[in-house]
Amino acid sequence: MASIDERIVRLEQRKDKLESTLLRLRARKTDFDRKQDNRRKILVGAWLLREADRDSGLRDRMVAGLDKYLEQNRDRELFGLSARGIEPAAADAIV
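**Quick look at the overall build of the protein**
Step number 1: The number of helices and strands found in the protein is four helices and zero strands.
Step number 2: In the protein, the succession of helices and strands from N to C terminus is α-α-α-α.
Step number 3: For the protein, the proportion of contacts with a sequence separation of at least 24, taken over those separated by at least 6, is 0%.
Step number 4: In the structure as shown, the protein presents an accessible area of about 8,700 Å², 57% of it carried by carbon and sulfur atoms.

**Here's the deal with the nonpolar core**
Step number 1: Counting residues in hydrophobic clusters, the biggest one holds five residues: Ala-52, Met-62, Leu-66, Leu-70 and Leu-81.
Step number 2: In this structure Leu-81 touches Val-63, Leu-66, Asp-67, Leu-70 and Arg-76, once residues within four positions along its chain are discounted.

**Notes on the confidence of the model for the protein**
Step number 1: Averaged over all residues, the pLDDT of the protein is 90; the fraction at 70 or higher stands at 88%.
Step number 2: Of all secondary-structure elements in the protein, the lowest mean pLDDT belongs to helix 4 (residues 88–94), at 47, while helix 1 (residues 4–54) reaches the highest, 97.
Step number 3: Ignoring residues within four places in sequence, the model shows residues 90–95, a span with pLDDT below 50, making two contacts including any to other chains.

**What to know about the packing of helix 1 against helix 2 (residues 56–69)**
Step number 1: Two elements in contact, helix 1 and helix 2, have axes separated by 5 Å at closest approach and are oriented at 125°. As far as their axial angle goes, helix 2 and helix 1 are oblique. Handedness of the helix 1/helix 2 crossing: left-handed. In this structure, helix 1 contributes Leu-48, Leu-49, Glu-51, Ala-52, Asp-53 and Arg-54 to the contact, and helix 2 contributes Ser-56, Leu-58, Arg-59 and Met-62.
Step number 2: Its residues assigned to classes, the contact of helix 1 with helix 2 comprises five nonpolar, one polar and four charged.

**Examining the pattern of salt bridges**
Step number 1: Tallied over the entire structure, the rule returns nine salt bridges.
Step number 2: The partner of Arg-40 in a salt bridge is Asp-37, with the nearest N and O atoms 3.7 Å apart. One end of the pair is Arg-40 and the other is Asp-37, both in helix 1 and three residues apart, which spans about a single turn.
Step number 3: Put simply, Asp-31, Arg-34 and Lys-35 are held in one network by salt bridges that share partners.

**Observations regarding the side chain of Arg-76**
Step number 1: Structurally, the position occupied by Arg-76 is in helix 3 (residues 73–78).
Step number 2: Exposure remark for Arg-76: the relative accessible area of 2% places this residue in the buried category.
Step number 3: With residues up to four places along the chain from it excluded, the contact list for Arg-76 reads Leu-66, Asp-67, Leu-70, Glu-71, Leu-81, Ser-82, Ala-83 and Arg-84.

Thresholds, definitions, all that
Residues numbered from 1 in each chain as written. Predicted model: local features only at pLDDT ≥ 70, side-chain atom pairs only at ≥ 80, totals over all residues. Heavy atoms only, no water. Helix = DSSP H or I, 4+ residues; strand = E, 2+ residues; numbered from the N terminus. Contact = heavy atoms within 4.5 Å. Areas by Shrake-Rupley, 256 points an atom, 1.4 Å probe, with all protein chains shown as cover. Core = buried A, V, L, I, M, F, W, Y, C linked by side-chain atoms within 4.5 Å. Buried < 20%, exposed > 50% of the residue type's maximum accessible area, 1.4 Å probe, protein only. pLDDT = per-residue confidence, 0-100. Axes fitted to C-alpha atoms, helices over the stretch in contact; angles between N-to-C directions. Parallel < 35°, antiparallel > 145°, perpendicular 65-115°, else oblique. Left-handed = near helix turned anticlockwise from the far one by under 90°. Nonpolar A, V, L, I, M, F, W, Y, C, P; charged D, E, K, R; others polar. Salt bridge = Lys/Arg side-chain N within 4 Å of Asp/Glu carboxyl O.

Written out as structure tokens, the structure reads:
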């Protein structure tokens, strides 16, 4: 029969293995959730762009909303919006 100390060692080893497995599964779930969120955004964006092509009022509202929402010039450029001043990263590079 195994001594109490041996049982403790085996249980601690099992615990360590289970904790490692748990960490891997949590990381996989986080990655899966992020991918699902990105997929939802892509699908909604594709639908919205298609609808905006068909409806000029929607397109105008979307552009106005994006003009208020988008701050980085590289993002604004994607939608043909004018640049906004100097971006913080560019300002740091100048100094």
